[in-house]
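What the coordinates show
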Amino acid sequence: VHVVESGGGLVQPGGSLRLSCAASGFTFSSYGMGWYRQAPGKERELVARISSGGYTYYADAVEGRCTISRDNAKNTVYLQMNSLKPEDTAVYYCYTPKDHGYWGQGTQVTVSS
């Protein structure tokens, strides 16, 4: 099982980014997927998750600014982030609950002017 994030980078406040997570080694369409983030000195926290059936959940901090989606044909889950704030700066991780759970290596998102 592998999950590999991409799409992070440096963006100005108010900007947008789309993160991607490519999954392999399991039946992607059968599992929910999640995006988490960890800022320096803070615990890892849930950003958004999407079920195998497409139901979504968002943390209060990103509700209305982020959209999680999935493309089962591409085994990929996305996180579209808009109206980014400096407090969104963190390493963003993709997660699948398959077996005991698998994490990607993370992708850095930095929101700064």
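Here, the structure is the one placed above.
Residues numbered from 1 in each chain as written. Predicted model: local features only at pLDDT ≥ 70, side-chain atom pairs only at ≥ 80, totals over all residues. Heavy atoms only, no water.

A count of helices and strands for the chain gives 0 helices and 11 strands. The order of helices and strands in the chain, counted from the N terminus, is β-β-β-β-β-β-β-β-β-β-β. On C-alpha atoms alone, the chain measures out to a radius of gyration of 13 Å, which is about the 13 Å that the 2.2 N^0.38 rule sets for 113 residues. Viewed in the frame of its principal axes, the chain has a C-alpha envelope of about 40 × 25 × 20 Å. Out of the 113 residues belonging to the chain, those deemed buried represent 42%. Split by element, the accessible area of the chain, about 5,900 Å² in all, is 46% carbon and sulfur. (Helix = DSSP H or I, 4+ residues; strand = E, 2+ residues; numbered from the N terminus. Rg over C-alpha atoms; globule rule 2.2 N^0.38 Å. Buried < 20%, exposed > 50% of the residue type's maximum accessible area, 1.4 Å probe, protein only. Areas by Shrake-Rupley, 256 points an atom, 1.4 Å probe, with all protein chains shown as cover.)

Okay, the pairing of strand β4 (residues 33-38) next. Pairing analysis gives 5 bridges linking β4 to strand β5 (residues 45-50), with the strands arranged antiparallel. Residue pairing across strands places Y36 opposite L46, the latter belonging to β5. Hairpin connection, β4 to β5: the antiparallel pair is bridged by 6 residues, and G41 has positive phi, about 75°. The pairing of β4 with strand β9 (residues 90-96) spans 5 bridges and is antiparallel. (Pairing = 2+ DSSP bridges.)

This part covers the sheet that holds strand β3 (residues 17-24). Taken in spatial order, the 4 strands of this open sheet run β1-β3-β8-β7, and their pairing is antiparallel. Single-partner strands in this sheet number two, and they are β1 (2-6) and β7 (66-71). On average, adjacent strands in this sheet sit at an angle of 15° to one another, irrespective of strand direction. When β1 meets β3, the two strands line up antiparallel, connected through 5 bridges. Counted as the bridge partner of H2 is S24 from β3. (Axes fitted to C-alpha atoms, helices over the stretch in contact; angles between N-to-C directions.)

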